[in-house]
Protein chains: 2
Amino acid sequence: MKAVALDHTMLALADPTRRAILQRLGSGEARVTELAAPFAMSLNAVSKHIRVLERAELVQRRRAGREHILSLNPKPLDEAAAWIDEQRRFWTANLDALERALADYED
Amino acid sequence: MKAVALDHTMLALADPTRRAILQRLGSGEARVTELAAPFAMSLNAVSKHIRVLERAELVQRRRAGREHILSLNPKPLDEAAAWIDEQRRFWTANLDALERALADYED
DNA sequence: CTTTCATTCAACCTATTGGTTGAATATGAA
DNA sequence: TTCATATTCAACCAATAGGTTGAATGAAAG
């Protein structure tokens, strides 16, 4: 994943409204108005959040007449998870090496 | 994980400089100057990035004389990964349900 | 004691976020 | 055609991000 794509993905995930929208889309596609309904903010504000999610390619838009139907694209989520997991593996590998070194030292 | 903590974690991860700092800290603790060395920006800028990482509790600071020694705290990383994984499980569960429904429909 | 080194604090700047309201656009329905 | 609905666009605003430079702090070294 290109760095800038990770930037967009992580930034998109850094807001509770957007995370809630993703969660909602997890159970199936929805229109903009439907997505906006639970939130105490204007439709326009939600529309902007959706654009942030689109920039990160976390959601896709399909037009059906005057309705815009949003659906989840899990790939960036996979790639974000992959980055985090890589860090954790690297980190624990180094911790293990440290432990082995300490064990040698204690001998 | 509280929503605001996830906000801070994800936001901290949404910048390549900060991700590089975390990666560096994966192989062991380091001083501020050491962390700043690879970057084409002022020490002050890196100092601010570190504060963002501290707000997310991704790094911890220990003072040793005039040096500040930073180390990784992987817990928020674990929690961010957990959030993402939860979404993915939920999403694939719903996809599976959809597939089963379609299979039933086709019968 | 003075100087150097490690780091932060403070002020400033510009760009971006996250929200608002009001107008525009485009489709659907009467 | 006219009216209502779904959505975006545009302008605006306050707060935050991400960078700069210069001054302050505090510990170490000469």
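Everything discussed here concerns the structure shown above.
Residues numbered from 1 in each chain as written. Chains lettered and ligands numbered in written order. Predicted model: local features only at pLDDT ≥ 70, side-chain atom pairs only at ≥ 80, totals over all residues. Heavy atoms only, no water.

### Topic: a nonpolar patch on the surface
Just so we agree on the cut-off: Two distance rules govern patches: like charges are joined within 9 Å, and nonpolar side chains (Val, Leu, Ile, Met, Phe, Trp, Tyr) within 5 Å, applied only to residues with over 30% relative accessible area and no salt bridge. Accessible surface area values rest on a Shrake-Rupley calculation with a 1.4 Å probe, where residue burial reflects the displayed protein chains alone. One side-chain nitrogen of Lys or Arg within 4 Å of one carboxyl oxygen of Asp or Glu is enough to make a salt bridge. Put simply, DSSP marks the helices as runs of H or I at least four residues long and the strands as runs of E at least two long, and each gets a number from the N terminus on.
Where nonpolar side chains cluster on the molecular surface, the patch consists of L95, L98 and L102 of chain A and spans about 250 Å² of accessible area. With respect to the secondary-structure elements, L98 of chain A resides in helix α5 (residues 75–106).

### What to know about the protein's contact with DNA strand C
Which entries qualify depends on this criterion: A cutoff of 4 Å decides nearness: a residue is near a molecule or strand if any of its heavy atoms lies inside that distance of it. The definition of a polar contact used here is a pair of N or O atoms within 3.5 Å, where within protein one atom must be able to donate a hydrogen and the other to accept one, and adjacent residues in sequence count solely through side-chain atom pairs. Each residue is assigned to one of three groups, with Ala, Val, Leu, Ile, Met, Phe, Trp, Tyr, Cys and Pro labelled nonpolar, Asp, Glu, Lys and Arg labelled charged, and all others, Gly among them, labelled polar.
In the neighbourhood of DNA strand C, 22 residues make up the surrounding shell, with N44, K48 and H49 of chain A together with T33 and R61 of chain B lying closest. Each atom of DNA strand C within 4 Å of the protein was assigned to sugar, phosphate or base; sugar and phosphate come to 61%. One nitrogen or oxygen atom from the main chain of V32 of chain B is found 3.3 Å from a phosphate oxygen belonging to DNA strand C. Take S47 of chain B: an N or O atom from its side chain is 2.7 Å from a phosphate oxygen of DNA strand C. When contributions to the surface near DNA strand C are tallied by element, the ones reaching two or more residues are α4 (43–55) of chain A together with α3 (32–36), α4 (43–55) and β3 (67–72) of chain B. With five residues, the top contributor of residues to the surface near DNA strand C is α4 of chain A. Classifying every residue of the surface near DNA strand C by side-chain character gives five nonpolar, eight polar and nine charged.

### Comments concerning the relation of the copies chain B and chain A
Put simply, the test is: We place the copies in one frame by least squares, fitting the C-alpha atoms of every residue whose pLDDT is at least 70 in both. Here, residues are in contact when the closest pair of their heavy atoms is within 4.5 Å.
Its rotation angle being 180 degrees, the transformation that places chain B on chain A also includes 0.0 Å of axial translation and leaves an RMSD of 0.0 Å. What we have between these two chains is a two-fold relation. The overlap is high: 100% of the interface residues of chain B also sit at the interface in chain A, so the same surface is used on both sides.

### Examining the pairing of strand β2 (residues 59–64) of chain A
Residue and element names in this part refer to chain A. Counted only if it meets this: Criterion used throughout: strands pair if DSSP finds at least two bridges between them.
Of the strand pairs in this sheet, β2 and strand β3 (residues 67–72) are connected by six bridges, and their pairing is antiparallel. If you follow V59 over to β3, its bridge partner there is L72. In textbook terms, the turn of a hairpin is the stretch between consecutive antiparallel strands, and for β2 and β3 this stretch comprises two residues, one of which, G65, has a positive phi near 65 degrees.

### Focus: the sheet that holds β3 of chain A
All names here are of chain A. This is how the line gets drawn: Lines are fitted to the C-alpha atoms to define the axes, a helix being fitted only along its stretch in contact, and any angle between axes, read from their N-to-C directions, falls within 0 to 180 degrees.
Strand order in the open sheet made by the three strands is β1-β3-β2, with antiparallel pairing throughout. The sheet terminates laterally at β1 (30–31) and β2, the two strands that pair on one side only. Lying over the sheet, helix α2 (residues 16–26) contacts β1, β2 and β3, oriented at roughly 90 degrees with respect to β3. Helix-sheet contacts for α4 involve β2 and β3, and the interaxial angle to β2 is about 120 degrees.

### Some remarks on the protein's contact with DNA strand D
Within the structure, DNA strand D sits among 22 residues, and T33 and R61 of chain A together with N44, K48 and H49 of chain B are positioned closest to it. Counting only the atoms of DNA strand D that lie within 4 Å of the protein, the sugar and phosphate share comes to 57%. A distance of 2.7 Å separates a phosphate oxygen of DNA strand D from a polar atom in the side chain of R18 of chain B. One of the side-chain nitrogen or oxygen atoms of K48 of chain B is found 2.2 Å away from a base oxygen of DNA strand D. Looking at the surface near DNA strand D, the elements with two or more residues in it are α3 (32–36), α4 and β3 of chain A together with α4 of chain B. Per element, the largest residue contribution to the surface near DNA strand D is five residues, and it comes from α4 of chain B. The residue makeup of the surface near DNA strand D, split by class, is five nonpolar, eight polar and nine charged.

### Considering the pattern of salt bridges
Residues and elements named next belong to chain A. We count it as follows: Three labels apply to residues, based on accessible area from a 1.4 Å probe with only protein chains included: buried if under 20% of the type maximum, exposed if over 50%, partly exposed otherwise in between.
Enumeration according to the criterion identifies 14 salt bridges over all chains in this entry. For R31, the salt bridge goes to E67, with nearest N and O atoms at 3.8 Å. Here the residue R31 occupies a position in strand β1, and E67 occupies one in strand β3, the gap between them amounting to 36 residues. Accessibility expressed as a relative area gives 32% for E67, which makes it partly exposed. Several salt bridges converge on common partners, so that one network encompasses R31, E34 and E67.

### So, the sheet that holds strand β2 (residues 59–64) of chain B
Adjacent strands of a sheet pair through backbone hydrogen bonds, lying either parallel or antiparallel. Residues and elements named next belong to chain B. Read from one edge to the other, the open sheet built from three strands follows the order β1-β3-β2, with strand pairing classed as antiparallel. One side of each edge strand has no neighbouring strand; the edge strands of this open sheet are β1 (30–31) and β2. Running over the sheet, α4 touches β2 and β3 and is turned about 120 degrees from β2.

### As for the interface of chain B and chain A
The accessible area lost on association of the parts is a frequent measure of interface size. Put simply, the rule is: Throughout, the accessible surface (probe 1.4 Å) given up by two parts as they are put together, summed over both, is called the buried area.
Taken together, the contacts link 28 residues of chain B with 28 residues of chain A. Carbon and sulfur atoms make up 68% of the area that chain B and chain A hide from each other, which totals about 2600 Å². Considering only the surface of chain B that becomes buried against chain A, R19, W83 and W91 of chain B emerge as the three largest contributors, covering 22% of it. Residue R19 of chain B pairs with D7 of chain A through a salt bridge whose shortest N-O separation is 2.8 Å. At the surface where chain B touches chain A, the tally comes to six residue pairs in polar contact (both at pLDDT 80 or more). Of all the secondary structure elements, the ones that give two or more residues to the side of chain B that touches chain A are α1 (3–13), α2 (16–26) and α5 (75–106) of chain B. Among the elements that make up the side of chain B that touches chain A, the one with the highest residue count is α5 of chain B (12 residues).

The values are spatial; any link to function lies outside them.
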